[in-house]
Amino acid sequence: MNAATTLVEGRYRKPKWHERSGWILLLLGQAWGMLISLLLVAAPLAVMDNPEFRAGSVPNVIRAWGATLLVLTVVGLAILLTGFRRGQ
């Protein structure tokens, strides 16, 4: 038994790429989400520059949406970067 093998259905096999390095794809997705959410919070009209978005309190709604996305990406990163798979 090697440290690089896993027990699957009663036999040992080498894990596939997505099983070993899938967290990298998740990390890239979370980083992209954080970048977009920061852009929405800082400058919502830079992303959505249609004249309809400039009227009233629409930028505040977009900023709130960006803040929500920012909180969700921080929670996702916290789950991803801690040992949530410890014990498997």
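Residues numbered from 1 in each chain as written. Predicted model: local features only at pLDDT ≥ 70, side-chain atom pairs only at ≥ 80, totals over all residues. Heavy atoms only, no water.

Undergrad: Can you explain the overall build of the protein? Please cite residues and give values.
TA: Looking only at helices and strands, the protein features 3 helices and 2 strands. Order of helices (α) and strands (β) in the protein, N terminus to C terminus: β-β-α-α-α. Taking all 88 residues of the protein together, the buried fraction comes to 15%. Working note: accessible area of the protein is about 6,800 Å², and carbon and sulfur atoms make up 66% of it. (Helix = DSSP H or I, 4+ residues; strand = E, 2+ residues; numbered from the N terminus. Buried < 20%, exposed > 50% of the residue type's maximum accessible area, 1.4 Å probe, protein only. Areas by Shrake-Rupley, 256 points an atom, 1.4 Å probe, with all protein chains shown as cover.)

Undergrad: I'd like a rundown of the confidence of the model for the protein, residues and numbers included.
TA: In the predicted model, the protein carries a mean pLDDT of 77, and 72% of its residues have values of at least 70. Here strand β1 (residues 6–8) is the element of the protein with the lowest mean pLDDT, 64, and helix α3 (residues 58–81) is the one with the highest, 87. (pLDDT = per-residue confidence, 0-100.)

Undergrad: Account for α3, naming residues and giving values.
TA: The end-to-end C-alpha distance of α3, which contains 24 residues, comes to 34 Å, matching closely the 34 Å that a straight helix rising 1.5 Å per residue would cover. For α3, every residue scored as buried is listed here: Pro59, Ile62, Gly66, Thr73, Gly76, Leu77 and Leu80. (Expected span 1.5 Å × (residues − 1).)

Undergrad: Which residues make up a nonpolar patch on the surface, and what values do they have?
TA: Residues Trp17, Trp23, Ile24, Leu25 and Leu28 make up a contiguous nonpolar surface patch of roughly 550 Å² in combined accessible area. Inspection of the secondary structure puts Trp17 in helix α1 (residues 17–42). (Patch = residues over 30% accessible without salt bridge, like charges linked within 9 Å, V, L, I, M, F, W, Y side chains within 5 Å. Salt bridge = Lys/Arg side-chain N within 4 Å of Asp/Glu carboxyl O.)

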